[in-house]
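Inside the fold
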Amino acid sequence: MGEIDIILLIKMIIIGLVQGFTEPIPVSSSGHVMIASEILGVGEQGFTFAILTNTASLFAILFIYRKDIIRLANNSVQYLKTKNRRYQSDFRFVCFIVIGTIPAGVLGVLLNDFIAENVSMTTIAAMLFVTGIALWLIRDMKGYKDERDVKTKDALIVGLGQAVALTPGISRSGATIISAIAVGMKQDTALRFSFMLYIPVSLGGVVLGFSDFLNEPNKADLAIPYLAAFMATLVMTYFAMKWFMGIMKNGKLVYFTYYCFIVGILLLIFF
């Protein structure tokens, strides 16, 4: 492997670490990946790279929530079979995940190309300010709803929050958690619902982009750098998610308000 390849490998690992660290936390992973790519001088990595790193983050989230996923799936099947009320709350929660996924799924298909072609560093800076303001507004809200108290309207509102986050700079986890807390969910319920919504949207992106991945002309040349980025994203997402769960448990979301404002200001100054 030549020197240029080694440099590219290091850059891909750095971008993978950025993706992995920022995916779970409310600061916009897509925006940070664009910033990191600009700073490192590698340009946009394209759809194939985004699919790989998002898949790595998905695997990490699936592993963390594996027990919840298995429980929800088993209890939903049991409810459909028996109509036993003991399984009803989990079945309803799965239904709300499906409902909350619809807005982002529809808008993602319709607007993905438009959004990708009309994003600048100024746009990312502005959206980081929006994210920071929203985090500030909900900083003291504790919520009272657990999974059994979620309603269809709540799921739709959180789903719309996820749809808004299609714009780089608007954090997906931030938008969904903010929306969930705003409609009255407890912070642990908001966190769980946010990342349960992430799973089908991320899976949909992988399925829709699979043909692009197969048709990638430089797969062989980029195999090792992309694999390294995948592993970096996978490991970093796991640890970042665990860290963020602790932040949520302690009610310290306001810290990310300051971060969003600082990064937004830096982007406006230097880009």
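Relevant structure appears above.
The present account deals with the structure reproduced in this document. Not measured: the values here are computed from a predicted model. Along every chain, residues carry numbers that run from 1 in the direction the sequence is written. In keeping with the predicted nature of the model, local features appear solely for residues at pLDDT of at least 70, side-chain atom pairs appear and are counted solely at 80 or more, and the whole-chain, interface and lining totals rest on all residues. Only hydrogens and water are removed before side-chain values are computed, so all heavy atoms of the structure are retained for them.

So, about the side chain of Thr131. By the secondary structure assignment, Thr131 is in helix α6 (residues 121-137). In what follows, residue pairs with any heavy atoms lying within 4.5 Å of each other are defined as contacts. Apart from the residues within four sequence positions on either side, Thr131 is in contact with Pro26, Gly169, Ile170, Ser171, Ile178 and Cys260. Counting from the N terminus, the helices are DSSP H or I runs at least four residues long and the strands are E runs at least two residues long.

So, about helix α2 (residues 29-40). To estimate the expected span of a helix, subtract one from its residue number and multiply by 1.5 Å. In this model α2 runs 16 Å from its N-terminal to its C-terminal C-alpha over twelve residues, within 8% of the 16 Å that 1.5 Å per residue would give. Exposure is judged per residue with a 1.4 Å probe applied to protein chains only, and the accessible area is read against the type maximum: over 50% gives exposed, under 20% gives buried, and values in between give partly exposed. Along α2, the positions that sit buried rather than exposed are Ser29, Gly31, His32, Val33, Ile35, Ala36 and Ser37. Directly after α2, the chain includes Gly41, whose backbone phi takes a positive value near 70 degrees.

Exposure above 30% relative accessible area and the absence of a salt bridge qualify a residue for a patch, where like charges join within 9 Å and nonpolar side chains (Val, Leu, Ile, Met, Phe, Trp, Tyr) within 5 Å. Here the accessible surface of atoms and residues is derived via Shrake-Rupley with a 1.4 Å probe, and residues count as covered only by protein chains that are part of the display. The rule for a salt bridge is simple: a side-chain nitrogen of Lys or Arg has to be within 4 Å of a carboxyl oxygen of Asp or Glu. Residues Ile39, Ile133, Trp136, Leu137, Tyr255, Tyr258, Ile262, Ile265, Leu266, Ile269, Phe270 and Phe271 make up a contiguous nonpolar surface patch of roughly 1300 Å² in combined accessible area. Counting only elements with at least two residues in the nonpolar patch, the list comes to α6 and α11 (254-270). On the secondary structure map, Phe271 appears in the segment after α11.

Running from N to C, α6 and α11 cross one another at 160 degrees; their axes reach a closest spacing of 8 Å. Of the possible angle classes, the one that applies to α6 and α11 is roughly antiparallel. When you trace α6 past α11, the crossing you get is left-handed. Counted together, Met121, Thr122, Ile124, Ala125, Leu128, Phe129, Thr131, Gly132, Ile133, Leu135 and Trp136 of α6 and Val254, Phe256, Thr257, Tyr258, Cys260, Phe261, Val263, Gly264, Ile265, Leu267 and Leu268 of α11 form the full contact between these two elements. Residue composition of the contact of α6 with α11, by class: 17 nonpolar, five polar and no charged. Axes, fitted as lines to C-alpha atoms, cover a helix only where it is in contact. Angles between the N-to-C directions of the axes lie from 0 to 180 degrees. To sort the angles, those under 35 degrees are grouped as roughly parallel, those over 145 as roughly antiparallel, those from 65 to 115 as roughly perpendicular, and the leftovers as oblique. In this scheme, a crossing is called left-handed if the near helix is turned counterclockwise away from the far one by less than a right angle; it is called right-handed if the turn is clockwise. Gly counts as polar in this scheme, as do all residues outside two lists: the nonpolar Ala, Val, Leu, Ile, Met, Phe, Trp, Tyr, Cys and Pro, and the charged Asp, Glu, Lys and Arg.

Here Ser28, not a glycine, exhibits a phi torsion of approximately 75 degrees, which is positive. Inspection of the secondary structure assignment puts Ser28 in the loop between α1 (3-22) and α2. We classify Ser28 as buried; its relative accessible area is 2%. One non-glycine residue, Lys83, lies in positive phi territory at about 60 degrees. Considering the arrangement of structural elements, one finds Lys83 in the loop between α4 (66-82) and α5 (88-117).

Before going further, it helps to examine the environment of Lys11. Its place among the elements puts Lys11 in helix α1. Of the residues examined, Lys11 reaches a relative accessible area of 23% and is grouped as partly exposed. The spatial distance from the C-alpha of Lys11 to the C-alpha of Pro225 is 8.5 Å, given a sequence separation of 214 residues. Filtering out sequence-adjacent residues up to four positions away, Lys11 remains in contact with Leu40 and Val42. Under this definition, polar contacts are N or O atom pairs within 3.5 Å; protein pairs additionally need one hydrogen-donor-capable and one acceptor-capable atom, and for neighbouring residues in sequence, both atoms have to be side-chain atoms. Of note is the side chain of Lys11, whose polar atom sits 3.0 Å from the backbone oxygen of Leu40.

This part is about the pattern of salt bridges. Taken as a whole, this structure holds eight salt bridges when the rule is applied. The salt bridge involving Asp146 is made with Arg148; its shortest N-O contact spans 3.0 Å. Here Arg148 falls in the exposed class, since its relative accessible area comes to 57%. Ionic pairing is found between Arg192 and Glu147, a salt bridge with its closest N-O pair at 2.9 Å. With Arg192 in helix α9 (residues 187-214) and Glu147 in the loop between α6 and α7 (152-164), this residue pair connects regions lying 45 residues apart in the sequence.

This paragraph deals with the nonpolar core. Soluble globular proteins: nonpolar side chains tend toward being buried together. Among buried residues, the Ala, Val, Leu, Ile, Met, Phe, Trp, Tyr and Cys ones that are joined through side-chain atoms within 4.5 Å form a nonpolar core. In this structure, Phe193, Phe244 and Leu253 are the most contacted members of the largest nonpolar core, which totals 44 residues. Sorting the residues of this core by element identifies α3 (46-64), α5, α6, α7, α8 (172-182), α9, α10 (219-249) and α11 as the ones contributing at least two each. In terms of residues, this core owes the most to one element, α9, which gives eight residues. If near-sequence neighbours (up to four positions away) are discounted, Phe244 is found in contact with Pro24, Ile25, Pro26, Ile177, Leu191, Phe195, Leu253 and Phe256. The next biggest cluster of nonpolar side chains, apart from the first, holds nine residues, and it includes Met12, Val33, Ala36 and Leu222.

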